[in-house]
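As a plain string of letters, each chain reads:
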Amino acid sequence: MRAARRIEKLPPYLFAEIDRKVSEARSRGVDIISFGVGDPDLPSPPHVIEALQEAAADPVTHRYPSYIGMPEFRASIAGWYERRFGVTLDPDTEVQPLVGSKEGIFHLPVAFVDPGDVALIPDPGYPVYETGTILAHGEAVLMPLLPENSFKPDLDALSEEVLSKAKVLWLNYPSNPTAACVDKSYFDEVVAFCRSHDLLLAHDAAYTEITYDGYVAPSVLEAEGARDVAVEFHSLSKTYNMTGWRIGWVAGAPVAIEAIKRLKTNIDSGIFDAVQRAGIAAIDGPQDHLAECVDRYRHRRDLLCDGLKSMGVVVDPPKGSIYLWAPVPEGHTSESYTTFLLEECGIVVAPGTGYGPSGEGFIRFSLTLADDRLEEGVERLRRISS
Ligand SMILES: Cc1ncc(COP(=O)(O)O)c(C=O)c1O
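Residues numbered from 1 in each chain as written. Predicted model: local features only at pLDDT ≥ 70, side-chain atom pairs only at ≥ 80, totals over all residues.

All right, on to the overall build of the protein chain then. Looking only at helices and strands, the protein chain has 15 helices and 12 strands in total. The C-alpha atoms of the protein chain give a radius of gyration of 21 Å, which matches the 21 Å a tight globule of 386 residues would have. Considering the protein chain as a whole, with its 386 residues, one finds that 48% of them fall into the buried category. For the protein chain, the proportion of contacts with a sequence separation of at least 24, taken over those separated by at least 6, is 74%. (Helix = DSSP H or I, 4+ residues; strand = E, 2+ residues; numbered from the N terminus. Rg over C-alpha atoms; globule rule 2.2 N^0.38 Å. Buried ≥ 20, exposed ≤ 12 C-beta atoms within 10 Å, placed from the backbone. Contact = placed C-beta atoms within 7 Å.)

Written out as structure tokens, the structure is:
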């Protein structure tokens, strides 16, 4: 038996590969400190867990959920957009719940990219933009994100030929993996660009709520004219430490929402209603948990930046996300330094090239590990560099 050729075209998922190396090291007795996957170590808020427990005990939630999500959950999402960004959304036509934003990000190209169409993809970037495009038989054209351009793509460098075939342009700020952030004026520019080239702008906003030092991340839907050409992916995963719950959404241009809805009715059967009720509790309930988590991440960010600085590696403390994007020492590549750290001191980081060729020369640290482990990690890094 032989799997389909399209499976052969898919690279192994980056963290599946890292997990394999880590298990191997652990089985040799190595004490691993993982700055690898960006999976919050802090628990989901207690009132959200209580809401789930109560809802799960209600037999009404035990049947198939609605394909398009509970009206109350969609209303909650629209209410959040209004409060947080001043953006008014129609919960019926401009909001679609997702089984985690990864699900929708992967499926967007299936709904929007025909074979031979181009999707413009940030490099380095979250790998799913590219793999979704590959499975839709689209062509992924990478847009390098370089430090000298503040990790923004150079849209003027895109040729007319590429633009004539392009259907979708992906952005993600605060960015995984570079941690770069943008202001609303940047979204105004990109929306104008997408309008003039008839592109769907797909913004992945997974980290907009994890920001520091007074920076407040904008939504792409705040930009002038965005509502016809842009969609935004969001999720409860990082904002409320709910990665395991699989709940997110896409909001924006009704044409795109309609296409995604149509696709999804054929794929999944919606999110467990009890999880949606818990989602409402997360969005509409007390928000102090978020402020505490952000404080915790800020503390870890500063510990790691200071540690790296004392080793001669200067990283500007990022204003958003749960990552640090650090250059590797001279003489190393991203891969070789990642392997070196694992073998020399049991430290796991993500190689920059796991996010695209322009990630060469960088590694990504995630801040999702307990403070004492992070401190021990910094200590180990100091030891190997002294
Ligand atoms: C940039 C980005 N987008 C989307 C996701 C997926 O999040 P989820 O599917 O948990 O909503 C992640 C997860 O790490 C991410 O880093």
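Read on, since the account is not over.
Attention now goes to the environment of Leu135. Relative to the elements of secondary structure, Leu135 occurs in helix α6 (residues 128-135). In sequence terms Leu135 and Asp188 are 53 residues apart; their C-alpha atoms lie 31 Å from each other.

Strand order in the open sheet made by the three strands is β9-β12-β11, with antiparallel pairing throughout. In this open sheet, the two edge strands, each paired with only one partner strand, are β9 (323-327) and β11 (350-351). Strand direction decides the pairing type here: β9 and strand β12 (residues 362-366), joined by five bridges, are antiparallel. Looking at the pairing, Tyr323 lines up with Ser366 of β12. Those strands touched by helix α14 (residues 334-345) are β11 and β12, and its axis lies near 45° from that of β12. (Pairing = 2+ DSSP bridges. Axes fitted to C-alpha atoms, helices over the stretch in contact; angles between N-to-C directions.)

We now examine the domain arrangement of the protein chain. Domain boundaries assigned for the protein chain yield domain 1 (5-43 + 288-385) and domain 2 (63-284). Just the C-alpha atoms count here: the centres of domain 1 and domain 2 sit 25 Å apart. Sorting the residues of the side of domain 1 that touches domain 2 by element identifies α13 (288-310) and β9 as the ones contributing at least two each. The leading source of residues in the side of domain 1 that touches domain 2 is α13, at six residues. Its residues assigned to classes, the side of domain 1 that touches domain 2 comprises 17 nonpolar, seven polar and seven charged. (Domains from an automatic or database assignment. Nonpolar A, V, L, I, M, F, W, Y, C, P; charged D, E, K, R; others polar.)

A separate point is the site of the ligand. Neighbouring the ligand are 14 residues, the closest being Gly100, Ser101, Lys102, Ser235 and Ser237. The dominant element in the shell around the ligand, judged by the number of residues it contributes, is helix α5 (residues 101-112), at three residues. Each residue belonging to the shell around the ligand can be placed in one class, and the counts come to three nonpolar, nine polar and two charged. (Near = placed C-beta within 6 Å.)

So, on to the nonpolar core. Core analysis: the largest hydrophobic core is formed by 110 residues, its most contacted members being Val168 and Leu201. A per-element tally of this core places helix α12 (residues 273-284) first, with seven residues. Summarising the domain contributions, this core has at least three residues from each of domain 1 (5-43 + 288-385) and domain 2 (63-284). Apart from residues no more than four positions distant in its own chain, Val168 is found in contact with Leu108, Pro109, Phe112, Val113, Ala119, Leu120, Leu199, Leu200 and Ala202. (Core = buried A, V, L, I, M, F, W, Y, C linked by C-beta atoms within 7 Å.)

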